[in-house]
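Architecture and fold: a report
One letter stands for each residue in the lines below.
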Amino acid sequence: MMQLQASADVSSVAVAVSVSSASGGSRPKTSQAELDSHANMVVIGPASTVIRRTGMSVNVKPFTNEVGSLSSVPLVDAVIVYEVPGGETYLLVVYNALYVPSMDHHLIPPFLLREAGLIVNEVPKIQSQDPTEETHSIFDAESGLRIPLQLHGIFSCFKCRGMTREEMENWRDYPVIHATPSGEWDPYNTVYADEEAGFTAPNGEFIDDRLPSVRNHLLVDDEDVLGHISACDFTKPVSTQQFDDLIQGGFSAASVMTEVEMDNDDLQRLDRLNEDDGIMKGLAGISSTYVEEELADALSESSLMTAAGIAAGSLNDSGLTDDLFFDDMEAIISAATATFSALASGNQKGVSAERLGKIWRISHQDAQNTIDVTSQMGRHSAETTLEREMGTGDRSIRYRRLVDTVFYTDTMFVTGKAKSTRGYKCVQVFVSDKGYVHVALMKTQSEYLMALRQFCKEVGVPVALVCDPHPTQTSNEVRKFMYEVGATLRCLERATQWANLAERFIGLLKNGVRADLRESNCPMVLWDFAIERRAAIMNLTARDTNKLRRLNPYTATYGDVGDISNLCQFGWFEWVWYLEDRKASRFGFPHAIKKLGRCLGPSRGFGNELCQWVLSQNGKVLPRRTIARLSPAELAVTNEVEQERRKRFMDDIRRVLGDSLTLPDNTDYPLPTIEEESTECLYNLWLEDTSTLEGWGVDDGKSFDELLGEVMSVKMPEADVVDMNGKPVDSPPMGDILVGVELLLPSGEGQALCKVLRQSLDETGKVKGTFNDNPMLNSMIYDVEFPDGVVREYRGNVIAMNVLDQVDTEGHHTIKLKRILDHQRDGDAVSKADKFIRSRNGQMKLRKTTVGWKFLVEYSDGSKKWEWLKDLKEVYPVDIAEYVAARDLISEAAFEWWCPYTLSKKQSIIAAVKARAKKKTHKYGIEIPKDINDAIRLDRENGNTLWMDALGLEMNELGVAIHVVGGFENVPEEYTKASGHIVYDVKMDFRRKARWVKDGHRTPLSDQSNYAGVVSRESVRIAFTYAALMDLPVCAGDVRNAFLQAPASEKHYIICGPEFGADKEGQYALITRSIYGGRVCGRDFWLHLRKCMRELGFTSSKGDPDVWFRPATKPDGTEYMEYLLCYVDDVLCISHRAEDVVRYEIGRHWDLKESSIEKPSIYLGGKCREVELEDGTKCWAFGSSQYVQAAVKNVEEYLAKRKLHLPENKYVQENMKLPKRAEAPFKNGYRPEVDISRELAGDEASYYQSLIGILRWIVELGRADICLEVSLMSSHLAMPREGHLEALFHIFAYLKKYHNAEMVYDPTRPVIDDSAFPMADWTLSSMGEAEQEEVLPPDMPKPRGKGFIIRVFVDADHAGDEVTRRSRTGFIVYINNAPVYWYSKRQGSVESSTYQAEFTAMKEAAEYVRALRYRLRMMGIPVEGPAYIFGDNRSVLANTTNPGSMLKKKCAAIAYHLIREGVARGEWITAWISTHDNVADLLTKPMTSGEKRNGFVKKILQHIFRKE
């Protein structure tokens, strides 16, 4: 397995050659190249000549971990030499080869040789029936070379070697053969396998009409590859930047001088000079002219032609005639002349940072950084006279390297009336992951392919191109073109175009162009020139970001120095003079016409690289190389003649082209002088005053640095796989929202923050599992990276179940404030003089204001951002107050009214937080001991032995997993030391539990996942309902010490502690079974469980991995599914022979508690029993009365012990009780979000959290009548108040009075009024026929038995939260007449209308319905018809049921389309229900006791309001 990674080696742009041969003419060592059909990349050793280092490296993993692996193996292009015995010498070029210096031979896959066009016959002559010359050989048809193969053992091979110095100097004299394909090589690409499969029919027959066309092997020209070879023999590779640094140092000017002989004194002197400089020493070994002292003597003897060689970089005179290096001799001589001039008179002065910042409109620091990392090889004084043209020596800035990066693309449109002067109406924007921008102007969007070809020609071919799913960007022609150039096309999902980084940069470009046009009053129709110039500036502007590190996107993308010569002399729309030679003969040679114009930036594609676009007075745009800026005298405000000339120019331009605010029309009227001409701005422009310079931002207010930071943080998505015709091969879309998500997953004893990296691949390179757009239905396997770097596999729906509660909408955990760095005060801030206001009664009070202050903060992830005080104050009040105090700002109006109070409460706030963070003292209201001594203390205080009894039971059962061996000498050598400790806990039914837990966090890490799943409560309710529907018995069983029954895969020993007893304390013992707390105990149990289940013929459901099913038939012939539900060690079986399955099948593999094998009476803390309905139907009921009464009793004991009575909060008595009158969970009118009572102390806050845990489980046990109230109170776990605790006691008082409630899983079919659900005709809607069919899981089992009818009641409480004004969603789901799921949760954003809130609620309910239908199907249960969704908002229902309705609220677009698509596909259907009959109303707003609330509760629970 190989993992590509970027290399930081400076030789990624190397121009030198690294060879293994000795200097001079010695012959390199001979090696051999072996053909290895099992390898998927070329591997070369040192007996070769490296001609290019790609800058990439790979991690190579072997077929087994026992062999070891190689990390950071570089990828190179290299040459090996093959000599025909007694004949010619051939140079074999291999690309993307792994370079392993320790190998004494090379490995070449025959597949790659054939891909390069060579004919390979690997069959040895000894195994051939009729051997000929062609047998066991490699043949190149173009050169006629045939390489006979030999055998080295059983491997085919041939002799080869590296290049000699003479061969490197004269490589063009030798035939060159490309032994492997050039370009990117992906050994895991499935295109080859798919194409090969096309030759074979499903029955194995050969298909001769499916022969693919011959693939075009994208080979580069010989000179493109071997042009890297120079006549030097460096001891190590030298990068372009290093070589340029040597030239700038003043000794490269003679790099092509004739080599002279040196005596021993000279050599010793050079050694002394260069003994500390590796590069200089290597250069001196080649030629003495690379040393400064020798250079001084040689300069006087060098000729101009020799200097031309310096500029070109050649090391011998013969290279001067080589077209590869010297395409323009004039340009080379010009550059060489400039080199000598610089040596003689110092560096020529280029544009200043002040000037560049002014004309580019960037900050001074960015301008200085840009000058530092760019060149100005085409330097020219813009104030020169017009008689001298700008030089034509622009070769040094014309050619660029091909990019090796990822690009995103999107289309930008302009209003139809603003068609540019060149006829352009849209722009195709290409943006790299490094912030490089390329714009391709188009007249229509249909020119996309032409724009793409232009991009590849001018910029290069990217590794991958990410685009929107528009037909023009995803057509077969586009895919075929991308395939031909060796790039991959990646399409975003529909409705996820926001993920396209090009779209973000379009906003950046728009604002930049708007600013250019507005500030210069340039006509709007010249926007196309402005956007080309702005894109070029963006590419060459250096930014101090984490990704660029003071480089510019051009250098970061190409690895080369960008040149700003054509951008740094003239500002946008700057006044210039230019020469107009039209009709020159009329005026007589050599006179020229001097014309006034305005500069529009470099003329890309016209003239040379220094040529500029110039706007003439008649409105035409001309490319001109000879231009000059206006002088200060000409721009002076006192020069009325020139000012009038410029006014007439702009009047004519506005009449023809308009200005920055208006488009041109045909009206001829006098125009006023533009603002720019009537002030001193023109003269100030010349003075280059940058004090008021401001940057340009994007529409959402983000700066370029912030946006570029977002670009740099985005990872490249996986690429689409296409065949040779551009047809995409099926793969998961890029919009897979699970990839990149961060979440908490089990790790050791606790959890760790992990990140989903990618979809997992099997050994054939295909993804594992089945992808689904809905994460809850996604059975695909993902690679998840843990903090320690270990990558483990998790199923998609398992990940999804953890996502919503753990991460935000972007898939990341909330970051925390690290420190405050700086602050700023704007002009809007209230001054100290105005910080007091006078109230109505005349009193002076401090003004409560935060306006005008913002702070630069650094977050825990390293990011820095300016945040407004009003936002930070609510989240980090203590941090802000401390910073303000340290900076002596408390007297400011924005701080004095709140900072002193916050600082005075600082210690109490911190103490409360620490108490809640460290004091986990209670669970379900029961104090938990810390150790054995604490357990003895609690037993003594409570007057019982519950904790010590639990400890004794645990140590007795642990004995099967521990083998005591006595002394250390009896411990096997392969065992390593481990340890453990006692963990005390309280079970759901308040039983005390002690567990000896292994200290897995102290043992070595494992590469495997540690996971033991539990069945969901919805699956349990479905199973009970299905049992009643099919008249099947249910049997439960409890596995005794489940983990201890699984064999341990780790080899550890321990030293027994006091908990093992006095007779064993201090002895050594081996751990032979899986023990709780071990790093892989969950995996050991899970693997053992799965093995047992498979042996019994059960299959794990993909809807819930802990639901196991297998087909079965009742004695009367009825087919159904048997189920086993596993909640770690609790087993529940639904079968017509349920007890036999548990006792004799499960019991054969696991040690079950005999007393637990029976009909379930207590399951997951709730009481189960069979009941008979009025119509005689037998079904199951689930009651929580026993658990509720125990919880209430626990609360009453707590109150009596603390002598507190919070519900009344009026007096303290000796024996306090819960209030007797609690007819509803909340007091009338109580709203927890506006409670401003006293904050709870540490112990009280910890107890509050414990009570919330109890109430949440009570809700899970079926008490849906308190679901809303518990959800509201759970929102205040971070900072509970006294009133909140009082509200919890009121809920317990309500539960005490109405504890006798049962939820009945009624399997009878509901009565549906079909007239309330009219079926509409969706064939005439915007959705196609394919979108009107529900997509069924392709791998679902065949359904057996009877099915369910799904009903959903949904409602929303608009703006119910009185603080945040967020709405609340509530819905309840029934299968037949059994409630299986209830939901009450605050919506994620504020909705402006009831319509939006209701639509959002229905969307959330529909998403769960889709997941439920998938769960039922993957359990083998038939799903009959659509789900029936009832709501009480007629507007929402009208928009979901009418195919012809139009969306009136764009903010509800996602919910609108999701619901309508589901209706059209038959997944669900909606109907109106009166709010008085909508039971979901109980889950959205607190209701007082009365007929309405009691009626809703009775529809869910039985017996609750029955008088006892």
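Residues numbered from 1 in each chain as written. Predicted model: local features only at pLDDT ≥ 70, side-chain atom pairs only at ≥ 80, totals over all residues. Heavy atoms only, no water.

Concerning the overall build of the protein chain
Operational definition: Strands are runs of DSSP state E lasting at least two residues, helices are runs of H or I lasting at least four, and both sets are numbered from the N terminus onward. Each residue's exposure class comes from its accessible area (1.4 Å probe, protein chains only) as a fraction of the maximum for that residue type: buried when under 20%, exposed when over 50%, partly exposed otherwise. The contact criterion used is simple: two residues touch if any of their non-hydrogen atoms lie within 4.5 Å. All accessible areas in this document rest on Shrake-Rupley with a 1.4 Å probe, and a residue is counted as covered only by the protein chains that are shown.
Of regular secondary structure, the protein chain possesses 41 helices and 59 strands. Each of the 1508 residues in the protein chain was classed as buried or not, and the buried ones make up 51%. Restricting the contact set of the protein chain to residue pairs at least 6 apart, pairs at least 24 apart contribute 70%. For the protein chain, the accessible surface area stands at approximately 71800 Å², while carbon and sulfur atoms represent 50% of it.

Thoughts on the nonpolar core
Let me state the cut-off plainly: We define the nonpolar core as a collection of buried residues of types Ala, Val, Leu, Ile, Met, Phe, Trp, Tyr and Cys that are connected through side-chain atoms lying within 4.5 Å of one another.
With 130 residues, the main nonpolar core has Y1123, F1292 and L1295 as its most contacted residues. In this structure, L1295 is in contact with V1188, V1192, L1255, I1258, R1263 and I1266, ignoring residues within four places of it in sequence. If you look at the next biggest cluster of nonpolar residues, it comprises 43 residues, including V429, V513, I531 and L600.

Topic: the pattern of salt bridges
Any two side chains of opposite charge can pair, so long as their charged atoms come close to each other. What counts is decided by this rule: Salt bridge criterion: a side-chain nitrogen from Lys or Arg within 4 Å of a carboxyl oxygen from Asp or Glu.
Enumeration over the complete set of coordinates arrives at 50 salt bridges. Its salt-bridge partner being K998, residue E1050 comes within 3.3 Å of it at the nearest N-O pair. A residue pair is termed long-range when its members are at least 10 positions apart, and E1050 in strand β45 (residues 1047-1055) and K998 in strand β43 (residues 992-998) qualify at 52 residues. Residue E1050 is classed as buried on the basis of its relative accessible area, which comes to 18%. According to the relative accessible area criterion, K998 is buried, its value standing at 4%. Measuring nitrogen to oxygen at the nearest pair gives 3.2 Å for the salt bridge that ties K1492 to D1481. Of this pair, K1492 sits in helix α41 (residues 1491-1500) while D1481 sits in the loop between β59 (1468-1472) and α41; the two residues are 11 residues apart in sequence, bridging distant segments of the chain.

Focus: the sheet that holds strand β18 (residues 437-442)
Note: strands within a sheet are paired through backbone hydrogen bonds, in either parallel or antiparallel orientation. Stated precisely, the cut-off is as follows: Any two strands with at least two DSSP-identified bridges between them are counted as paired. The axes used here are C-alpha line fits, helices contributing only the stretch in contact, and every angle between their N-to-C directions lies in the interval 0 to 180 degrees.
Taken together, 5 strands build an open sheet; the order of strands is β18-β17-β16-β19-β20 and the sheet is mixed. Both outer strands of the open sheet, β18 and β20 (488-491), are each paired with one neighbouring strand and no more. If you compare each strand with its neighbour and ignore which way they point, the axes differ by 25° on average. Pairing of strand β16 (residues 406-413) with strand β17 (residues 426-432), which is carried by 7 bridges, proceeds in the antiparallel orientation. Counted as the bridge partner of T411 is Q428 from β17. Packed on one face of the sheet, helix α14 (residues 476-484) meets β19 (464-467) and β20 and runs near 140° to β20.

Points about the packing of helix α31 (residues 1017-1029) against helix α38 (residues 1394-1418)
Rule in force here: Any angle from 65 to 115 degrees is called roughly perpendicular, while one under 35 is roughly parallel, one over 145 is roughly antiparallel, and all others are oblique. Helix crossings are classified by the rotation of the near helix relative to the far one: an anticlockwise turn of less than a right angle makes the crossing left-handed, while a clockwise turn makes it right-handed. For this classification, Asp, Glu, Lys and Arg are treated as charged, while Ala, Val, Leu, Ile, Met, Phe, Trp, Tyr, Cys and Pro are nonpolar and the rest, including Gly, are polar.
It is the contact of α31 with α38, at a shortest axis distance of 12 Å, that shows an interaxial angle of 55°. Between α31 and α38, the crossing angle belongs to the class labelled oblique. Two packed elements cross with a definite hand, and for α31 against α38 that hand is right-handed. Judged by residue contacts, E1018, S1019 and I1022 of α31 engage Y1408, L1412, R1415 and L1416 from α38. Of the residues belonging to the contact of α31 with α38, the class tally is 4 nonpolar, 1 polar and 2 charged.

Observations concerning the side chain of T1400
Inspection of the secondary structure assignment puts T1400 in helix α38. Look at T1400 and you get buried, because its relative accessible area is 16%. If we ignore the near neighbours within four places in the chain, the residues touching T1400 are Q1387, E1391 and A1455.

Concerning the pairing of strand β13 (residues 155-161)
Across the 7 residues of β13, 5 count as buried, placing the element largely inside the fold. The sheet contact formed by strand β3 (residues 30-35) and β13 spans 5 bridges and is antiparallel. Each residue of the ladder has a partner; that of T30, found in β13, is R161. Strand direction decides the pairing type here: strand β12 (residues 150-152) and β13, joined by 3 bridges, are antiparallel. By the bridge assignment for β13, Q150 is matched with C157. If you look at the hairpin formed by β12 and β13, you'll find 2 residues sitting between the two strands, and G153 has a positive phi there, around 75°.

Quick notes on the sheet that holds strand β36 (residues 853-859)
The 3 strands are arranged β33-β36-β37 in an open sheet whose pairing can be described as antiparallel. Two strands lie at the open edges of the sheet, namely β33 (817-825) and β37 (864-868), each paired on one side alone. Ignoring which end each strand starts from, the neighbouring axes of this sheet average 30° apart. Where β36 lies against β37, 5 bridges are found, and the strand directions are antiparallel. Within the sheet, the bridge partner assigned to K854 lies in β37 and is W868. Sheet strands touched by helix α25 (residues 877-886): β33 and β36. Its angle to β33, the strand with the most contacts, is close to 55°.

Considerations on the environment of L946
Structurally, L946 is set in helix α30 (residues 946-958). Classification of L946 by relative accessible area gives partly exposed; the value is 38%. Considering only alpha carbons, one finds L946 and I936, 10 residues apart in sequence, at a separation of 9.6 Å. Once residues within four sequence positions are removed from consideration, L946 is found in contact with D939 and R992.

Quick word on unusual backbone geometry
One non-glycine residue, R1365, lies in the positive phi region at around 60°. At H1503, a residue that is not glycine, the phi angle is positive and equals roughly 70°. Along the chain, H1503 falls in the segment after α41. Judged by its relative accessible area of 29%, H1503 falls in the partly exposed class.

Regarding the confidence of the model for the protein chain
Segments scoring low in pLDDT should not have their predicted coordinates read at a detailed level. The cut-off we apply is this: Along the chain, pLDDT gives the predictor's confidence residue by residue, from 0 to 100.
When pLDDT is averaged along the protein chain, the result is 75, and 73% of the positions lie at 70 or above. Here residues 209-349 scores under 50 on pLDDT; set against residues more than four positions off or in separate chains, the count is 211 contacts. Within the model, the stretch residues 1204-1215 combines pLDDT values under 50 with 23 contacts to residues more than four positions away or in other chains.

Notes on the side chain of D1361
For clarity, the threshold we go by: Polar contacts here mean pairs of N or O atoms no more than 3.5 Å apart (in protein, one a potential hydrogen donor and the other a potential acceptor; neighbouring residues in sequence count only if both atoms are side-chain atoms).
Along the polypeptide, D1361 turns up in the loop between β55 (1350-1357) and β56 (1368-1375). Polar contacts involving the side chain of D1361 include one to the main-chain amide nitrogen of V1363, which spans 2.9 Å. In terms of polar contacts, D1361 uses its side chain to reach the backbone amide nitrogen of T1364, at 3.1 Å. Apart from the residues lying within four places of it in its own chain, the contact partners of D1361 are R1231, E1233, R1366 and R1386.

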